[in-house]
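Take a look at the letters that make up each chain.
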Amino acid sequence: MKFRFLLVLTVLPYLSWSQNEKITVTDLTRLKAASGVSLSPDGSKAIYAVQTTQADDEKKWEYNYRTHLWITDFKNPARQLTQGEESVGRGIWKDEKTLLFMRPVKGKLQLFQLSLDGGEPKQLTNWKYGIGAAYLSPDHSKIAFSVSLGLNELLKDSLFNPTKTVPQWSFEKPGFRDNNFLKPDSKVKPNPDGSIAEIRAFLDQDVVDKKAKVINRLNFQGEATTQPELTFSHICLVELKEGAQPKVLTTGFKSVQPAGWSTDGKVLFATTGQQAAIHPDREQTSKIIQISPETGEQKDFFVPQNQRAMASSISKDGKKMIVLTSPAEGVNLAQVNIINTTGEAKPTPISFDRAASGFVWSNDSKYVYFTAASNGGEPLYRINAATNQVETLSDFDSGILDFDLKGDKLIFVKTQVTAPNEVYWTSVAGTAKKGKATEWSTAELKKAIQSAQKLTNLNDWVSKKAISIPEKRTFQNEKGQTIEYWIMKPAQLQAGKKYPLLLNMHGGPTAMWGPGEASMWHEFQFFCSQGYGVVYANPRGSGGYGIDFQRGNIKDWGTGPASDVLRAATEAAKESWADTSRQVITGGSYAGYLTAWIVGHDHRFKAAFSQRGVYDLTTFLGEGNAWRLVPNYFQYPWLDKKDRVLEANSPYTFVDQIRTPLLIKHGENDLRTGVIQSEMMYKSMKIMGKDVEYVRMPGATHELSRSGNVRQRIDRMLRIYEFFERYIGAK
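None of the values given here were measured: they were computed from a predicted structure. (Residues numbered from 1 in each chain as written. Predicted model: local features only at pLDDT ≥ 70, side-chain atom pairs only at ≥ 80, totals over all residues. Heavy atoms only, no water.)

Draft legend 1. Broad picture of the overall build of the chain. Broken down by element type, the chain carries 14 helices and 36 strands. Taken over the C-alpha trace, the chain has a radius of gyration of 28 Å; the compact-globule value for 731 residues is 27 Å, and the two agree within 12%. The principal-axis extent of the C-alpha atoms belonging to the chain is close to 80 × 70 × 55 Å. For the chain, buried positions account for 53% of its 731 residues. Nonlocal contacts in the chain, meaning residues at least 24 apart in sequence, comprise 56% of its contacts between residues at least 6 apart. Counting every atom, the chain has about 33,600 Å² of accessible surface; 50% of that belongs to carbon and sulfur. Side chains of the chain carry 91 positive and 78 negative charges; the gap between the two charge centres is 2 Å. (Helix = DSSP H or I, 4+ residues; strand = E, 2+ residues; numbered from the N terminus. Rg over C-alpha atoms; globule rule 2.2 N^0.38 Å. Buried < 20%, exposed > 50% of the residue type's maximum accessible area, 1.4 Å probe, protein only. Contact = heavy atoms within 4.5 Å. Areas by Shrake-Rupley, 256 points an atom, 1.4 Å probe, with all protein chains shown as cover. Lys, Arg positive; Asp, Glu negative; His and termini not counted. Charge placed at Lys NZ, Arg CZ, Asp CG, Glu CD.)

Draft legend 2. Structural context of the packing of aromatic side chains. Overall, the coordinates contain 37 aromatic pairs when judged by the stated rule. With centroids separated by 4.7 Å and ring planes inclined at 10°, the aromatic side chains of Tyr636 and Trp638 adopt a geometry described as stacked. Among the residues examined, Tyr636 registers a relative accessible area of 27% and is labelled partly exposed. Taken together, the ring pairs connect Trp557, Tyr590, Tyr593, Trp597, Tyr633, Phe634 and Phe654 into an aromatic cluster. Above the ring of Phe112, the side-chain terminus of Arg103 is found at 4.6 Å from the ring centroid. Note that Lys414 overlies the ring of Tyr424, its terminal NZ or CZ placed 4.8 Å from the centroid. (Phe/Tyr/Trp six-rings, centres within 6.5 Å; stacked < 30°, edge-to-face > 60°. Lys NZ or Arg CZ within 6 Å of the ring centre and 35° of its normal.)

Draft legend 3. Structural context of the packing of helix 5 (residues 521-529) against helix 14 (residues 710-728). One way to put it is that helix 5 packs onto helix 14 with a least axis distance of 11 Å and a crossing angle of 30°. The chirality of how helix 5 crosses helix 14 is right-handed. Judged by residue contacts, His522, Glu523, Phe526 and Phe527 of helix 5 engage Arg716, Met717, Leu718, Ile720, Tyr721 and Phe724 from helix 14. Of the residues that constitute the contact of helix 5 with helix 14, the class distribution is seven nonpolar, one polar and two charged. (Axes fitted to C-alpha atoms, helices over the stretch in contact; angles between N-to-C directions. Left-handed = near helix turned anticlockwise from the far one by under 90°. Nonpolar A, V, L, I, M, F, W, Y, C, P; charged D, E, K, R; others polar.)

Draft legend 4. A look at empty space enclosed by the protein. All chains considered together, the criterion is met by three cavities of 30 Å³ or more. Empty space within the largest cavity amounts to approximately 100 Å³. Taken together, 14 residues form the lining of the largest cavity, with Val417, Gly514, Pro515, Trp521 and Phe524 sitting closest to its centre. Secondary-structure elements contributing two or more residues to the lining of the largest cavity are strand 26 (409-416) and helix 5. Of the residues forming the lining of the largest cavity, the biggest block, three residues, is contributed by helix 5. Counted by class, the lining of the largest cavity contains nine nonpolar, four polar and one charged residues. (1 Å grid on protein atoms, 1.4 Å probe; cavity = no way out; pocket = protein on both sides within 12 Å on 5 of 7 lines; lining within 4 Å. Points joined across faces, edges and corners; volume = space filled by probe spheres on them.)

Draft legend 5. Quick peek at a negative patch on the surface. Negative charge collects at one region of the surface, where Asp57, Glu58, Glu85 and Glu86 lie side by side. Within the secondary structure, Glu58 is located in the loop between strand 2 (46-55) and strand 3 (63-72). (Patch = residues over 30% accessible without salt bridge, like charges linked within 9 Å, V, L, I, M, F, W, Y side chains within 5 Å. Salt bridge = Lys/Arg side-chain N within 4 Å of Asp/Glu carboxyl O.)

Draft legend 6. Looking closely at the pattern of salt bridges. Summed over the entire model, instances satisfying the criterion amount to 33 salt bridges. A salt bridge links Glu484 to Lys472; its shortest N-O distance comes to 2.9 Å. Of the two residues, Glu484 sits in strand 30 (residues 482-488) while Lys472 sits in strand 29 (residues 471-476), which places them 12 residues apart along the sequence. Across the pair Arg540 and Glu478 runs a salt bridge whose closest N-O atoms are separated by 2.7 Å. Here Glu478 lies in the loop between strand 29 and strand 30 and Arg540 lies in the loop between strand 32 (533-537) and helix 6 (547-550), a separation of 62 residues in the sequence. Owing to a relative accessible area of 59%, Glu478 belongs among the exposed residues under this scheme. When salt bridges that share partners are traced, they join Glu21, Asp27, Arg30 and Lys465 into one network.

Draft legend 7. Summary view of the sheet that holds strand 21 (residues 356-361). A sheet is described by the order of its strands in space; here four strands give the open sequence 21-22-23-24, paired in antiparallel fashion. At either margin of the open sheet sits one strand with a lone partner, and together these are strand 21 and strand 24 (390-392). When strand polarity is set aside, the average angle formed by the axes of neighbouring strands in this sheet is 30°. Where strand 22 (residues 367-372) meets strand 23 (residues 380-384), five bridges bridge the pair, whose relative direction is antiparallel. The partner of Tyr367 across the bridge, within strand 23, is Asn384. Where helix 4 (residues 442-450) meets the sheet, its contacts fall on strand 22, strand 23 and strand 24, and the angle it forms with strand 23 comes to roughly 165°. (Pairing = 2+ DSSP bridges.)

Draft legend 8. Region of interest: helix 12 (residues 675-687). For helix 12, which comprises 13 residues, the first-to-last C-alpha distance of 18 Å matches the rise-based estimate of 18 Å (1.5 Å per residue) to within 8%. When we look at burial in helix 12, the residues that qualify are Val675, Gln677, Ser678, Met681, Ser684 and Met685. Those residues of helix 12 hidden inside the fold are in contact with helix 8 (590-599), helix 9 (617-623), strand 35 (662-667) and strand 36 (692-697). Gly689 occupies a position one or two residues after helix 12 and carries a positive phi of about 75°. (Expected span 1.5 Å × (residues − 1).)

Draft legend 9. Summary view of the sheet that holds strand 5 (residues 92-95). As summarised here, the arrangement of the four strands in space is 5-6-7-8, forming an open sheet in which the pairing is antiparallel. Both outer strands of the open sheet, strand 5 and strand 8 (122-123), are each paired with one neighbouring strand and no more. When strand 7 (residues 108-115) meets strand 8, the two strands line up antiparallel, connected through two bridges. Within strand 8, the residue paired with Phe112 across the bridge is Gln123.

Draft legend 10. Representation of the pairing of strand 11 (residues 231-239) within the structure. The buried fraction of strand 11 is high, at seven of nine residues. Here two bridges tie strand 11 to strand 12 (residues 247-248), and the two strands are oriented antiparallel to one another. Bridge pairing in strand 12 places Cys236 opposite Val248.

No statement about biological role is implied by the geometric values presented.
Below, the structure is given as structure tokens:
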């Protein structure tokens, strides 16, 4: 007993210290993320993918993302199935002992087959087009998959354009009434001093040689660079055997996306545009079609009027399909519908006021399960296909990021504050009958999910860290809407000490933050570990609260949402530990906009950091690839001569009123919002002699903070912290 007592005295100080380590900025590289969970056909095993961040052996402070497959039998420790520097895609069960997956070969994804009995993966395809999204046939003998081709490639391709035709829709090239100019005459040679035909050939060659980009399309901005050339998606079919040559099912100048197979394997369902004569950039509607895998023959299945339709998931018995529909324009949530696959394709709308996704049918086809961002979390839901009623199965303080179910087993990836990303599994004992599908009661499911067993230890290191737990609060705004917000105390709070307060805001504007949202875990915890309190809110216009709430900021991106987040900041500042003289603010994308808006109207903050923002709505129409936000939320500039709503809602209009020191960041290759937005804000403030600094991230896109270069992600975090410390450093 004396020995045990001495051992406890020896160990206790270490336990106390080890559980109070600060979250560091480089802990970002320790986070692992699971995805792609999939149960084997009999439910006895499961696979999942794990993304890690690996240090580059040759470049200091550089890292590489790696994704590989793991397998579990729920009894023994999970084991890694794939290795190497090349990441693999989501695994697909061919049968109980065989897996399929995609891996890049010479820059193109190819299909591989892996035997669970041992041995190296076998490469099944070596197709020059590569392999895209794949769907296994019901008899497991072949897959349907998508490929992507550029316009110039498609014009010359003998498989996807066998008749060497040109698009039926207008290419919209000024001065040409038809698209015949797209057919080059091989007899005409480029000559800058020649005939008009030879000059045109010379100019075309300049495009090929990347000396010029000629833009005639509407949506010419990608994520990282301008994209004057259209791309098209088509569907192919390949037998699952070595050396098999894929068969082309769809051709032409209209994209077709596969959605799934009928149960008998005689029909492929797919989504495509409704109007063949309309330029793809202007096509805002879509329909669901049926394709014969034998002949490629197509026929319409569901064609909604003035709406987009997307086939999502087909029931196991093949009788029903989940279809999402949405109006072609405006601020909307996709409507969930159940449609019979035989007879008249008449949609039955499901009453559910959230953005649903990830649909999985039960084996007996009585229920369809899905997830949706809601009230700060991402719960698991299910629809009773007989009554069309929706049931909530998990809580709002965590997020179900991916899941699968078969028989009595449910496997899922869950994120929560104390365990940011892990795989869990559960079963409902006694409900499965000889492997057949069974009906789980709501009470059984809730209990089973709540008590699910943790399968992975991907981020167990978090248990040694000092973690701040968000505390949920609410208030009613002037429109009578309930605004939810969360306060996070400094991680190592000391009684009587005062700490700075950071107001952090989400973008979108339809994003949603909360304890069940995965992307901000590290950033929130890092700032709490650095001695900051953090407050974040879901103001009007956020997702996760229904369509009326989401439409609450139409023609009001600034005043209304700003009042919501500032109210949350005011309430958080009442905390006994909060130093009201040291408040700072940041946000990215739409929240970069909101940061600039707020510091042009409110002067409580000592410093502000505006990231990848939009600051002038008129120029945003031309500069960003997210330009449709302008007409959807406001109106086109040439229609805004009387109300001047764009000017009234642009932070740039109030740039002269900014007194808060402002750090502005933008990715060099960010075309979602466009860099001129930030250049204009910076240059104007600089001319006026205001405290402003501008950071450009070479090569970075709009997704920098989520999936960009790891060193730049670390730089971004430290740059926020360092700038704030200039103005509110510890007292």
